[in-house]
Amino acid sequence: MISERYGMRLTSAAAFLVPGLALWRPSGYSYGVALLLLGALLFARRWPRRLRPLGGAGWMALSIVLMGVVWLLDARSGRTDWGGFDRPSKYLLALPCLFLVHAYAPRARCLWWGVVVGAVGSGLMALYQRYLLHMPRSEGFTNAIQYGGLSLLLGLMCLVLVAVRPPVMRRPWAVGLAGCGAVLGPLGSVLSESRGGWLALLVVLPVMGWLCWQRLPRRRFAQAALMVALGLLGLFLTQPHLIDQRLDAARAEIAQYEAGNDGVTSVGQRLHHWKLAWQMGWDRPLTGWTQHGYELEKARRVQAGLAHPSVLAFSHAHNEALDLFAKRGLPGVAVLLFFYGVPLWLFWPTRRRLPPAALEHDGYATALALRLVGVLVPVAYIGFGLTQVFMAHNSGNICYLFFNMLVYGCLRGQEALVGAGPTGAQRHARPAGQ
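Residues numbered from 1 in each chain as written. Predicted model: local features only at pLDDT ≥ 70, side-chain atom pairs only at ≥ 80, totals over all residues. Heavy atoms only, no water.

Draft legend 1. Representation of the overall build of the protein chain. Helix and strand counts for the protein chain stand at 15 helices and zero strands. For the protein chain, buried positions account for 56% of its 434 residues. Pairs at least 24 residues apart make up 76% of the contacts formed inside the protein chain by residues separated by at least 6 positions. Accessible surface for the protein chain amounts to roughly 18,200 Å². Of this, 66% is attributable to carbon and sulfur atoms. (Helix = DSSP H or I, 4+ residues; strand = E, 2+ residues; numbered from the N terminus. Buried < 20%, exposed > 50% of the residue type's maximum accessible area, 1.4 Å probe, protein only. Contact = heavy atoms within 4.5 Å. Areas by Shrake-Rupley, 256 points an atom, 1.4 Å probe, with all protein chains shown as cover.)

Listed below in structure tokens is the structure:
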């Protein structure tokens, strides 16, 4: 019979593996996911008894179910095989994993080290691919856009750790490693030449800057702001040709689109996709066209001269919300907003959840870092979704689902130590050492 303490050890190992191997190993995030599924099976007789009350896990489960249903509706859309069930099946399998981390909360320090290792690994992988393999764009083991966005996200998580400094990050060498992650993660994004990730910073930095201004001491906030400024300056100084080249190309492509002779440029394609998805969404605002119907109608409009031929190159609209609007109408968009909104609501660091306290207090610092990282994930995905359908890719779905649930599990365990369960979760005793 397996001891109860192994439940926490298993979820803690997964909390390290999911972000730690995410980008620099083929399907690296899958190792931690597989471990959670194994744990759900091993503890199948025990974790269901530890789910009351569900609290925040219930809302997160509801958002996962609703989003899974949206994908399930298209599972057989125009297909004769079972490949369409690949994406909804991931959402189904995520549920027992969520309940497992609810029942056996992972240690936050394992998540932190996973984030640091993941960010450093992604940056080093990008350098290796670009300067040793001479690849035109760093892409890890996915595509360059997904790689650039997720590498940036891991780097921003490291920046949160440097700014807040939870207990495991208090020693100089630990802060130095997190700082390396805060530099190498964004560097991986730059070397991927994915401009969508850079655009996402226009969404991420104001939100995270405001929260840090509200919650961090002024000196610590100034240090974090200075690090962001120095990091951006360093990237511009060390990679000026890459950044200037991509920005100049974007400006030229926008000018081409406005002149009506954009051809098949990256920006032109996106603008054509957005225009078409907007029109198609309003043609069927309640039901959408479905995936198969979207592709058929798109081809029909191109043939009739109502849409640019470049839209045929992709099966999605290069914008998360517009893509769902065209395929699933306003209900699909509402589910997507709920999917983003639940973790934002669960993790937002209000004064009720985080009463004013000295940042050096271990429980306060850990809870603040978890809440900031928990807000960062959906905000970053909203930014990424402006120019890419992140959920059309395995890496986008898995990282969003499991980053959120692992942050939730760590926060549940941490706040149980100080007597306040996250978002109403049940208080329960557990060993110290987060």
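Next, the rest of the story.
Draft legend 2. Fine view of the confidence of the model for the protein chain. Summarising the model, the protein chain shows a mean pLDDT of 86, and 86% of its residues fall at 70 or more. Below a pLDDT of 50 lies the segment residues 424–434, which in the model reaches 34 contacts outside its immediate sequence neighbourhood of four places, other chains included. (pLDDT = per-residue confidence, 0-100.)

Draft legend 3. View of helix H15 (residues 394–417). Here H15 spans 35 Å end to end across 24 residues, near enough to the 34 Å set by a 1.5 Å rise per residue. Of all 24 residues making up H15, 22 are buried, and the element is well covered by its neighbours. (Expected span 1.5 Å × (residues − 1).)

Draft legend 4. Quick look at a nonpolar patch on the surface. On the surface, Trp59, Leu62, Leu66 and Trp345 cluster together into a nonpolar patch covering about 380 Å² of accessible area. Following the sequence through the fold, Trp345 ends up in helix H13 (residues 320–347). (Patch = residues over 30% accessible without salt bridge, like charges linked within 9 Å, V, L, I, M, F, W, Y side chains within 5 Å. Salt bridge = Lys/Arg side-chain N within 4 Å of Asp/Glu carboxyl O.)

Draft legend 5. Layout of the pattern of salt bridges. A full pass over the atoms with the stated rule returns seven salt bridges. With a closest N to O distance of 2.9 Å, Arg328 and Asp74 form a salt bridge. Residue Arg328 is found in helix H13, and its partner Asp74 is found in the loop between helix H3 (56–73) and helix H4 (86–103); the two are separated by 254 residues along the sequence. Assigned by exposure class, Arg328 and Asp74 land together as buried. In this structure, Glu193 engages Arg130 in a salt bridge whose closest nitrogen and oxygen atoms are separated by 3.0 Å. With a gap of 63 residues between them, Glu193 in the loop between helix H7 (172–192) and helix H8 (195–215) and Arg130 in helix H5 (residues 108–131) connect regions that are remote in the sequence. Relative accessible area serves as the criterion here: at 7%, Glu193 is assigned to the buried category.

Draft legend 6. Spatial organisation of the packing of aromatic side chains. A full pass over the atoms with the stated rule returns 14 aromatic pairs. Seen in terms of ring centroids, Trp213 and Phe221 are 5.2 Å apart; in terms of plane orientation they differ by 80°. Their pairing is edge-to-face. In this structure Trp213 comes out as partly exposed when scored by relative accessible area, which is 35%. Judged by centre distance (6.0 Å) and plane angle (75°), the ring pair of Tyr340 and Tyr400 falls under edge-to-face. With Tyr340 in helix H13 and Tyr400 in helix H15, this residue pair connects regions lying 60 residues apart in the sequence. Taken individually, Tyr340 and Tyr400 each receive the classification buried, so the pair is uniform in this respect. (Phe/Tyr/Trp six-rings, centres within 6.5 Å; stacked < 30°, edge-to-face > 60°.)

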